[in-house]
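One letter stands for each residue in the lines below.
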2 protein chains.
Amino acid sequence: MNDLLIKTQDIINSVKLNGDKAVMNFAKQFDNVFLSQLMVTDAEFYDSENIVSDEAKEAIRFAKKQLETVCMSQLANIKNSNKIESCEGVTCERQSRPIEKVGLYIPGGSAPLISTVLMLGLPSKIVNNPVRVLCTPPNREGKINPYILYAAKLCGIEKIYKVGGAQAIAAMAYGTESIPKVDKIFGPGNSWVTQAKQLVSQDPKGAAIDMPAGPSEILVIADEKANPEYVAADLLSQAEHDVNSQVILIALSDEFISRVKMAIQEQLKKLSRKNIIEQALNNSRMIVVRDISEAILKSNQFAPEHLILQVENPESYVEKISNAGAIFLGPWAPETVGDYVTGANHVLPTYGYAKTYSGLSVADFMKFISIQRVSKIGLERIGPYAEILASLEGLDAHKNAVSLRLAGIIKNG
Amino acid sequence: MNDLLIKTQDIINSVKLNGDKAVMNFAKQFDNVFLSQLMVTDAEFYDSENIVSDEAKEAIRFAKKQLETVCMSQLANIKNSNKIESCEGVTCERQSRPIEKVGLYIPGGSAPLISTVLMLGLPSKIVNNPVRVLCTPPNREGKINPYILYAAKLCGIEKIYKVGGAQAIAAMAYGTESIPKVDKIFGPGNSWVTQAKQLVSQDPKGAAIDMPAGPSEILVIADEKANPEYVAADLLSQAEHDVNSQVILIALSDEFISRVKMAIQEQLKKLSRKNIIEQALNNSRMIVVRDISEAILKSNQFAPEHLILQVENPESYVEKISNAGAIFLGPWAPETVGDYVTGANHVLPTYGYAKTYSGLSVADFMKFISIQRVSKIGLERIGPYAEILASLEGLDAHKNAVSLRLAGIIKNG
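Per-chain numbering applies: the sequence of each chain, read as written, is numbered from 1 onward. Labels follow written order: the first chain is A, the first ligand is 1, and so on. Given that this is a predicted model, residues contribute local features only at a pLDDT of at least 70 and side-chain atom pairs are listed and counted only at 80 or more, while totals for whole chains, interfaces and linings are drawn from all residues. Only hydrogens and water are set aside; all other atoms, that is, all heavy atoms of the structure, feed into the side-chain values.

### Overview of the overall build of chain A
Consideration 1: Helix numbers and strand numbers start at the N terminus; a helix is a DSSP run of H or I with at least 4 residues, a strand a run of E with at least 2. Broken down by element type, chain A carries 14 helices and 13 strands.
Consideration 2: Taking the principal axes of the C-alpha coordinates as reference, chain A spans close to 90 × 60 × 45 Å.
Consideration 3: Remark: exposure states derive from per-residue accessible area (1.4 Å probe, protein chains only) relative to the maximum for the residue type, with buried under 20%, exposed over 50%, and partly exposed in between. Counting only residues that meet the buried cut, chain A has 60% of its 413 residues in that class.
Consideration 4: Contacts between residues were defined by any pair of non-hydrogen atoms, one from each residue, lying within 4.5 Å. Partitioning the contacts of chain A with sequence separation of at least 6, the portion at a separation of at least 24 is 75%.
Consideration 5: Carbon and sulfur atoms make up 49% of the accessible area of chain A, which amounts to about 16,000 Å² in all.
Consideration 6: Charge counting follows a simple rule: Lys and Arg are positive, Asp and Glu are negative, and His as well as the terminal groups are ignored. Just so you know, the charge point we use is NZ for Lys, CZ for Arg, CG for Asp and CD for Glu. Charge-centre separation for chain A: the mean point of 43 positive side chains lies 6 Å from the mean point of 46 negative side chains. All accessible areas in this document rest on Shrake-Rupley with a 1.4 Å probe, and a residue is counted as covered only by the protein chains that are shown.

In structure tokens form, the structure reads like this:
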């Protein structure tokens, strides 16, 4: 077992054993924050309203409206009856139910992840999960960023706790005196959070999680007519996330790549996260291929979180893309707008997980119950086949449950 | 780390290192089977056709037809366009794609799990996963049960390998000389298989899995008018699976429970798996509650894999059930028919996982790509909000990707 795993398990065990007290101790130990209570008060919510600027409020509300539109459409699709009569007297249906208790995790750091609050909080609001909890680490003064509070309140989340790191995941997975235990935990985080999510998801008494996490990625496929400045800007926007961000360009000529590199150097001068970007770009790759088909083949193998098609007639390639979290089409669709305001969810599978996982949708905040209705006529129709199959599988108590009823029908009509 | 985990990890490591050779060695070591090749031959498929009786063929084909009907309806629902214009010039869509390579695991044992082959193989066929592999342990003579082969062929699965246990899961997760690496593994199994699935699913280089597994369960809610013989038969059918099966009855009186107990003793006499059933029943619970509402409250807390409502007007309670894998309504819907022939999938969440997981559907064999289209007008509309939000989050390279384009639009029109 590696060190991170052992230490994370220790934190989880402490929180299971000592609840709030452990959580407060970790805040002191790791973040030098002294907390006397974990839950954000009404007064703190109220203050946030006054701090957030009108311009910010308008932008947050716009992003919320966009997400809401898309979430409502997803929900309507799910609610479409999936009831089908498979043969006379036999119907199969799947009905959705909101997961009862969900926990949302928002990482701390220098800037508030307002958009992530919306991406997790909005679908949860639309689905109407009965219990909705949010954990996020406070600053040194024990305060939560007012923008986070404002966005959370917009999503109808009223229970916000000042807890970060593995201890936040443990608190939501097992519950403490003040933090309710939840059924499923959503949200990004550092390696401690990721490890803690993995551990609690393996424990049947813990909590399910949204999806496995890895470093964020962008792959841009650009043809000769693409604007090198736009391509450079999109690569840079991904690179500023983290030194481990994956940034890949697939183009049709060395000349085009040179133009992109020049544009990167030019734009980089003015960017505040230059340091992070330069480290991330050191791990980046720029590849020349013969044609767009070859580019798509490579992209499908990589299965990027974000795929940008800066090519002529991008629509014609969509059906050939088999693995990607999200595809952005054409020059006017920078990944940035997908992060904030298209209405789509920005929580997407990374690290090759797009081969099997999907981006977050309202369905992730629900589960489905299979409902099976069989009438007397239905049982007469399908029962005899069930008897044969149960016999073949050597399960005669299974067969008996049908035979007994069929005998009853013959006897009593 | 526990013993099972260490030993399973050892098996996985051996298969990663030595491929087919390791798999064949484990077959010798654990099952005393000597194999010279792992893949089932055409001749073996051909032989199975002749061994399977006409009656069995008809029943298997009927179950297949039922499942196909339900799967096709699910697929049609998924293919319904989920494209929405969130504002002028901005559309969000989710398109489904089949997972490229799937692996199905069918456990061995005394009787062939024909129905499980159909439950995994049919949705995979309908979804059209390009690579579909099935692993199942051979008998002492190195042969696969002909019923398994017949059912697999009906599902269009042509690559079947004679491998069982943790080594089968490892082979599919990492690939060997003869067994292709897959992206996602489906299917039930013993504790070795379950542990191996958990381990490979935690490795980004391994494979995703269908859902976590625990012992199978049934919960019957019966009112005073329910037929005690039917209730007894349903409880017995679950109990025969495994000594760890969970069997729960919630009723409205001690008298009713006594009648069920008598019926169990009577029916048990004739059942071949009496031994297993008696052990499972020792862990069973029969509870009296005040009314059906209280019964449903308890059932929702337990979140059973199978819930049978043997009550008057069962339809009226469906919406109150928040946690269950599958619900069977009324006297003519024994769980047995759901195992084989209603058309619904019998792979369902156990062990409380119904609180967050759903039974298998065609969607589990696919993933969804988010497709975002933004026109010039669209970017003018949403871009400024994205700029504000990127600034608030301190991500100015994100902002730059939008600003650059908006400046280009202003300049060039």
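Right, picking up where we left off after that structure.
### Side note on the confidence of the model for chain A
Consideration 1: Averaged over every residue, the pLDDT of chain A is 95; the share at 70 or more is 99%.
Consideration 2: As scored by the predictor, the complex reaches a pTM of 0.96 and an ipTM of 0.96. Note on scores: pLDDT gives the predictor's confidence for each residue, bounded by 0 and 100.

### Some details on the relation of the copies chain A and chain B
Consideration 1: The two copies are related by a screw operation: chain A maps onto chain B through 180° of rotation and 0.0 Å of translation along the axis, at an RMSD of 0.0 Å. Such a turn and shift between the copies fits a two-fold axis. Residue Asn-77 of chain A, judged by its C-alpha, is the member of chain A lying nearest the rotation axis, at 3.9 Å.
Consideration 2: Here 100% of the contact residues of chain A are again contact residues in chain B; the copies associate through an equivalent surface. The copies were overlaid with a least-squares fit restricted to C-alpha atoms from residues scoring a pLDDT of at least 70 in each copy.

### Quick word on the sheet that holds strand E3 (residues 101-105) of chain A
Residues and elements named next belong to chain A.
Consideration 1: One bridge is not enough; two strands pair if DSSP finds at least two bridges between them. Taken in spatial order, the five strands line up as E5-E4-E3-E6-E7 in an open sheet, and their pairing is parallel. This sheet does not close on itself; its edge strands, each paired only once, are strand E5 (159-162) and strand E7 (208-209).
Consideration 2: Here E3 runs beside strand E4 (residues 131-136); their pairing, made up of five bridges, is parallel. Looking across to E4, one finds that Lys-101 is bridged to Val-131.

### Some points on the environment of Leu-249 of chain B
Residue and element names in this part refer to chain B.
Consideration 1: Structurally, Leu-249 can be placed in strand E9 (residues 246-251).
Consideration 2: Leu-249 sits in the buried class, given a relative accessible area of 0%.
Consideration 3: Placed 31 residues apart in sequence, Leu-249 and Ile-218 show a C-alpha to C-alpha distance of 8.4 Å.
Consideration 4: Contact partners of Leu-249, with chain neighbours within four places excluded, come to Val-220, Ala-222, Val-231, Leu-235, Ile-257, Val-260, Arg-285, Met-286 and Ile-287.

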